[in-house]
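For reference, the chains in residue letters:
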There are 2 protein chains.
Amino acid sequence: MTNMIRAEIITIGDEILFGQITDTNTQWIGTELTNIGIRPVRKSSVGDQADAILQILNEAHQRADVIIITGGLGPTKDDITKKTLCTYFGVGMVRNETALALVTSFFEKRGRAMTDLNRAQADLPANAVYIQNDWGTAPGMWFEHEGRVYISLPGVPFEMKHLMSNRFLPKLTEHFQTPIIKHKMIRTVGIGESFLAERIEAWEDALPDHIKLAYLPSFGGVKLRLTATGDDNDLLDWELAEQVQKVMPLIEKSVFGFDNDELEDVVGTLLKERNLTLGVAESCTGGYVSAQITKVPGASAYFWGSIVSYSNAVKVTQLGVQPETLDQYGAVSEETIRQMAEGARKALGTNVGIATSGIAGPDGGTPDKPVGTIWIACATDQRTVTRLLKLGQYRDQNIQLTTTYLLNMLREELLNI
Amino acid sequence: MTNMIRAEIITIGDEILFGQITDTNTQWIGTELTNIGIRPVRKSSVGDQADAILQILNEAHQRADVIIITGGLGPTKDDITKKTLCTYFGVGMVRNETALALVTSFFEKRGRAMTDLNRAQADLPANAVYIQNDWGTAPGMWFEHEGRVYISLPGVPFEMKHLMSNRFLPKLTEHFQTPIIKHKMIRTVGIGESFLAERIEAWEDALPDHIKLAYLPSFGGVKLRLTATGDDNDLLDWELAEQVQKVMPLIEKSVFGFDNDELEDVVGTLLKERNLTLGVAESCTGGYVSAQITKVPGASAYFWGSIVSYSNAVKVTQLGVQPETLDQYGAVSEETIRQMAEGARKALGTNVGIATSGIAGPDGGTPDKPVGTIWIACATDQRTVTRLLKLGQYRDQNIQLTTTYLLNMLREELLNI
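Calculation rules
Within each chain, residue numbers correspond to sequence positions counted from 1 in written order. Naming scheme: in the order in which they are written, chains are lettered from A and ligands are numbered from 1. Only residues with pLDDT of at least 70 get local features here, since the model is predicted, and only at 80 or more are side-chain atom pairs given and counted; chain-wide, interface and lining totals rely on the full set of residues. Water and hydrogen atoms play no part in the side-chain values, which are based on all heavy atoms of the structure. Put simply, DSSP marks the helices as runs of H or I at least four residues long and the strands as runs of E at least two long, and each gets a number from the N terminus on. Categorising residues by exposure relies on relative accessible area from a 1.4 Å probe, with only protein chains included: less than 20% of the type maximum marks a residue as buried, more than 50% marks it as exposed, and the intermediate range marks it as partly exposed. Contacts are assigned to residue pairs that have any heavy atoms within 4.5 Å of one another. Note on areas: Shrake-Rupley, 1.4 Å probe, and residue coverage restricted to the protein chains presented here. Positive charge is attributed to Lys and Arg, negative charge to Asp and Glu, and no charge count is given to His or to the chain ends. Here the site of a charge means atom NZ of a Lys, CZ of an Arg, CG of an Asp or CD of a Glu. Only the contacting stretch of a helix is used when fitting its axis, a line to C-alpha atoms as for every element, and angles between N-to-C directions run 0 to 180 degrees. Put simply, angles under 35 degrees are roughly parallel, angles over 145 are roughly antiparallel, angles from 65 to 115 are roughly perpendicular, and the rest are oblique. All amino acids are sorted into three groups, where Ala, Val, Leu, Ile, Met, Phe, Trp, Tyr, Cys and Pro are nonpolar, Asp, Glu, Lys and Arg are charged, and the leftover types, Gly among them, are polar. DSSP-based pairing: two strands are paired if at least 2 bridges between them are found. Here is how to tell: hold the view so the strands point away, follow the path from the first strand over the helix to the second, and if it runs clockwise the crossover is right-handed. Remark: nonpolar core denotes a set of buried residues (Ala, Val, Leu, Ile, Met, Phe, Trp, Tyr, Cys) joined through side-chain atoms within 4.5 Å. Here a polar contact means two N or O atoms within 3.5 Å. Within protein one must be a hydrogen donor candidate and the other an acceptor candidate, and residues neighboring in sequence count only if both atoms are side-chain atoms. Buried area is understood as the total, over both parts, of accessible area removed when two parts are fitted together, assessed with a 1.4 Å probe. We count a salt bridge whenever a side-chain nitrogen from Lys or Arg sits within 4 Å of a carboxyl oxygen from Asp or Glu. Least-squares superposition of the copies uses the C-alpha atoms of those residues scoring a pLDDT of at least 70 in each of them. An automatic or database domain assignment supplies the start and end points of every domain. Between rings of Phe, Tyr and Trp, where Trp is taken as its six-membered ring, a pair exists when centres lie within 6.5 Å; planes separated by under 30 degrees are stacked, by over 60 edge-to-face, and by other angles tilted. Each ring is checked for a lysine NZ or an arginine CZ that lies within 6 Å of its centre and within 35 degrees of its normal; such an atom marks a charge sitting over the ring. UniProt positions are given in the numbering used here, feature names are shortened, and annotations may be inferred rather than shown by experiment. pLDDT measures the predictor's confidence residue by residue and takes values from 0 up to 100.

Assigned secondary structure in chain A consists of 16 helices and 17 strands. In terms of overall dimensions, chain A has a C-alpha envelope of 80 × 60 × 40 Å along the principal axes. Residues counted as buried form 60% of the 417 residues belonging to chain A. In chain A, 68% of the contacts between residues at least 6 apart in sequence involve partners at least 24 apart. With the model as given, the accessible surface of chain A reaches about 16,300 Å², and the carbon-plus-sulfur share is 49%. In chain A, 39 side chains carry a positive charge and 51 a negative one; their mean positions are 3 Å apart.

Written as structure tokens, this is what we have:
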């Protein structure tokens, strides 16, 4: 892939190095660049020190054709990206009147007073092509320097995404002649990475050189990513489809979707297709299952609601769980989870009810019910299925895994209807 | 800071470059290193290509005293970290019997068959000090080479964290003589970065050279991070406390906590102190508010439950919202949000009820109620307060911001009780 356009993504900020904020930008940028056939070859984070920034810019210049820089454009003293870019390009700072007008109107619209710090956000390196940011006061900037393209973006994710999607990605596709990279993702759930690998080894070994396979483990599932590189868009699509067709029979049962499908999207589609409504009863997951389901725009078409019954009282009053059942078997039991799932259907008036009850940890474990002991259930008008999960000791992980297994249980039940 | 121990963190994997998984490891490692006085100077991600890995190792060798490498230790063909480390160190691969015994017992315990791929996980570069991973089959490895320390860790977050916390961090503190870095974080909510900066400018300018300030904007709030460097632990603590004392009067109203305090922790503590219970009614946030509250271990002491009333029917049947109110004012109205918050108190039998109802988007907006129109409310035995939020067009962001503003409303109400 000699004529491949190489990209380096640089995030600037001590807060990233020191681990005080989560960097979601580089992941998003990596995806978007890959989709337009530009290959990220390096991601780097450096601190808010001019020398560190100059060093990485010089390195990136050796490695990459396009260098994308996020962060350090805020109004405050610790943001030094623009100053440092001036040094790097050997230019001065100039106040950009278009940028100033935007900053001014931004504050007028909100009826807020503008400070000198805000005005200074309209000062740009002299060689910058100013790219308007519709969502904030930090500018987007495009530079061309010694045969490389440099893009400077604000670190605030939604401002960065808006600028990239609407301004810079089109500009990049226009500016570069890029080969085509195509990805196909197969999403599996409930099977371990090495077992998946054993099952598809022969197929993997037979893949042509221009199609690469990667295993991407995530909570409760493994993503299989096929990457094809070439010049013929339709041919690549056809080749990827052919490979998927070959491997599917080996793993059918474990596959819940493709590409960006998430379990919550898949179950949403299945519910809509079957014209069914969903109600949820959550104990140990504390609302996380519902939050995942309602991540999907338009979920209101099939999701009617949820009862997060963290206390036993609420299990009884809202879900109609029998007090005797709680006394005799406890909240973390097959008897209780069954009544919770069926209670969710009744109380919320839905066709399907799903439920979770368990010990997420770190406390509350007992010898016979250690932390990670979690029951899940799915109730339809035909039957109620239950399952006992024996998970680990980490609260967050238990909540996420339980949600994944419950949504997959729901998916499998819906496929039987 | 000449005698500062410098660290470089390297993550290996095409999936990170291509943006197909979220890298949470480097953030966590950055925090932990900083806390033991080792300064991260660079974070880098490279793909699963030997030449790219060798290049970054050579660069890191120039920059850092300790080089921490995560990922590429999986059982599958695309994981080449160990092979590449052999090339870099100029050593061969040796099967480690201790590692093999662990892998074997790992599979025996789970009653699962072991594959050759799994056995190969016990093969290590000859110069590796084997560090046992209690949570998986990928090894931890410690190398000393030309005056540098190299640490290789699996990419699976909970395995990596366990190895770092229990094995490598103690080993690093023992191995290096490090100066002391102290952080103090002031957490604010509901005030913009530049306004905060204006308000504390004089104080910021008067900070001594060895104490640095950074603004870390996050959803609905800004973190102020003070970083002090020196040799006297107690003195640094005292100096940081003194600076906090100086700045607090300027921003008191906007400060909800310090360091790792999250709003959900703070409201939890306030509820416990006041011996009050909390019930939630969620519409547009779809369970996210409850999920945030139950992130806190032991939340069951004050959180009794939540009713996610996504459909109007559930608002009526479960929360007792008047059908007339819904007909006359709609679900997104002050009248409805008031009844939802008060209904949560009644239905869940709690002292306090909080509620959300709005249009999260992307669809469902109208001229008079555009996407981002969201009502929140907090009901106690004393009064019910409501607030109209006018947020943006992004669903995820609207859900997160609404949750932040609602938890802060709850915090302010609890402070009045």
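That was the structure; now back to the text.
A few words now on the environment of Thr115(B). Position of Thr115(B) among the secondary structure elements: in the loop between helix 5 (97-109) and helix 6 (116-119). Residues Thr115(B) and Pro75(B), 40 residues apart in the sequence, show an inter-C-alpha distance of 9.5 Å.

Residues and elements named next belong to chain B. Helix 15 (residues 334-348) packs onto helix 13 (residues 312-319) with a crossing angle of 45° between their chain directions and a minimal axis gap of 9 Å. On the basis of their axis angle, the class for helix 13 and helix 15 is oblique. Judged by residue contacts, Lys315, Gln318 and Leu319 of helix 13 engage Gln339, Met340, Gly343, Ala344 and Ala347 from helix 15. Grouping the amino acids of the contact of helix 13 with helix 15 by side-chain chemistry returns 4 nonpolar, 3 polar and 1 charged.

With 6 of its 7 residues buried, strand 14 (residues 303-309) of chain B lies for the most part within the structure. Here 5 bridges tie strand 14 (residues 303-309) of chain A to strand 14 of chain B, and the two strands are oriented antiparallel to one another. Each residue of the ladder has a partner; that of Gly305(A), found in strand 14 of chain B, is Ser309(B). Once you follow strand 13 (residues 278-282) of chain B into helix 12 (residues 288-293) of chain B and on to strand 14 of chain B, the crossover reads as right-handed.

Note that soluble globular proteins tend to have their nonpolar side chains buried in a common cluster. Counting 38 residues, the largest nonpolar core has Leu319(A), Met340(A), Leu319(B) and Met340(B) as its most contacted members. Secondary-structure elements contributing two or more residues to this core are helix 13 (312-319), helix 15 (334-348) and strand 16 (373-379) of chain A together with helix 13, helix 15 and strand 16 (373-379) of chain B. Of all the elements, helix 15 of chain B adds the most residues to this core, at 6 residues. With near-sequence residues (within four places) excluded, Met340(B) lies in contact with Ala281(B), Glu282(B), Ser283(B), Ser309(B), Lys315(B), Leu319(B), Val321(B), Ala355(B), Thr356(B) and Ser357(B).

Residue and element names in this part refer to chain B. Residue position: Glu8 is located in strand 1 (residues 5-12). Judged by relative accessible area, which is 0%, Glu8 ranks as buried. Residues Glu8 and Val266, 258 residues apart in the sequence, show an inter-C-alpha distance of 34 Å. Contact partners of Glu8, with chain neighbours within four places excluded, come to Arg42, Ser44, Ile56, Ala60, Arg63, Ala64, Val66, Ile67 and Ile68. Side chain to side chain, Glu8 and Arg63 meet in a polar contact 2.8 Å long.

Tallying the contact residues gives 89 residues for chain A and 89 residues for chain B. Interface area, chain A with chain B, both sides summed: about 7,200 Å², of which 54% is carbon and sulfur. Inspection of the region where chain A meets chain B yields 6 salt bridges. Across the pair Arg42(B) and Glu59(A) runs a salt bridge whose closest N-O atoms are separated by 3.1 Å. For the side of chain A that touches chain B, the leading source of residues is strand 2 (residues 38-46) of chain A, giving 8 residues. Tallied by class, the residues present in the side of chain A that touches chain B amount to 36 nonpolar, 32 polar and 21 charged.

Residue and element names in this part refer to chain A. Ordered by their spatial adjacency, 4 strands build an open sheet running 10-11-9-12, and the pairing between neighbours is antiparallel. Strands with a single pairing partner mark the edges of an open sheet, and in this sheet they are strand 10 (211-218) and strand 12 (255-258). Mean inter-strand twist for the sheet, computed between neighbouring axes without regard to direction, equals 20°. As paired strands, strand 9 (residues 180-189) and strand 12 are joined by 3 bridges and run antiparallel to one another. Bridging across to strand 12, Arg187 finds its partner in Gly257. Of the strands in this sheet, strand 9, strand 10, strand 11 (221-230) and strand 12 are in contact with helix 10 (residues 233-251), which crosses strand 9 at around 20°.

Time to look at the relation of the copies chain A and chain B. Mapping chain A onto chain B calls for a screw motion: a turn of 180° about the axis and a shift of 0.0 Å along it, with 0.1 Å RMSD after fitting. Each copy turns onto its partner about a two-fold axis. An overlap of 100% is found between the interface residues of chain A and their copies at the interface of chain B, pointing to a shared contact surface.

So, on to the domain arrangement of chain A. All names here are of chain A. As assigned here, chain A comprises domain 1 (5-175), domain 2 (180-258) and domain 3 (263-415). Each of domain 2 and domain 3 has a C-alpha centre, and the two are 31 Å apart. Listed as interface residues are 6 residues of domain 2 and, on the opposing side, 9 residues of domain 3. Taken together, the two surfaces of domain 2 and domain 3 that pack against each other cover about 710 Å², and 69% of this comes from carbon and sulfur. Together, Val189, Phe219 and Phe256 form the three largest contributors to the area buried by domain 2 at its contact with domain 3, with a combined 77%. Scanning the region where domain 2 abuts domain 3 turns up 0 residue pairs in polar contact (both at pLDDT 80 or more). Class assignment of the residues belonging to the side of domain 2 that touches domain 3 gives a composition of 4 nonpolar, 1 polar and 1 charged.

To continue, consider the sheet that holds strand 11 (residues 221-230) of chain B. Strands pair in a sheet through their backbones, by hydrogen bonds, and they do so in one of two ways: parallel or antiparallel. All names here are of chain B. Strand order in the open sheet formed by 4 strands is 10-11-9-12, and the pairing between neighbours is antiparallel. Of all strands in the sheet, those bounded by a partner on one side alone are strand 10 (211-218) and strand 12 (255-258). The mean angle between the axes of side-by-side strands here comes to 20°, regardless of whether they run parallel or antiparallel. Where strand 9 (residues 180-189) and strand 11 come together, 10 bridges link them in antiparallel fashion. Opposite Thr188, over in strand 11, you have Val222 as the bridge partner.

Another point: the packing of aromatic side chains. Residue and element names in this part refer to chain A. Applying the stated criterion to the full structure yields 18 aromatic pairs over all chains. One aromatic cluster in this structure is built from Tyr88, Phe89, Phe143 and Tyr150. One Lys or Arg, Arg387, reaches over the ring of Tyr405 and ends 5.1 Å from the middle of that ring.

Below, the discussion takes up the UniProt feature "domain: MoaB/Mog" (unreviewed entry) in chain A. The feature "domain: MoaB/Mog" (unreviewed entry), as given by UniProt, occupies residues 8-175 of chain A in the numbering adopted here. The span residues 8-175 of chain A is 44% helical and 24% strand by assignment, and the distance between its end C-alpha atoms comes to 16 Å.

This paragraph deals with the confidence of the model for chain A. Overall, the predicted model of chain A reaches an average pLDDT of 92, with 99% of residues at or above 70. Reported confidence for the predicted complex is 0.75 by ipTM and 0.76 by pTM.

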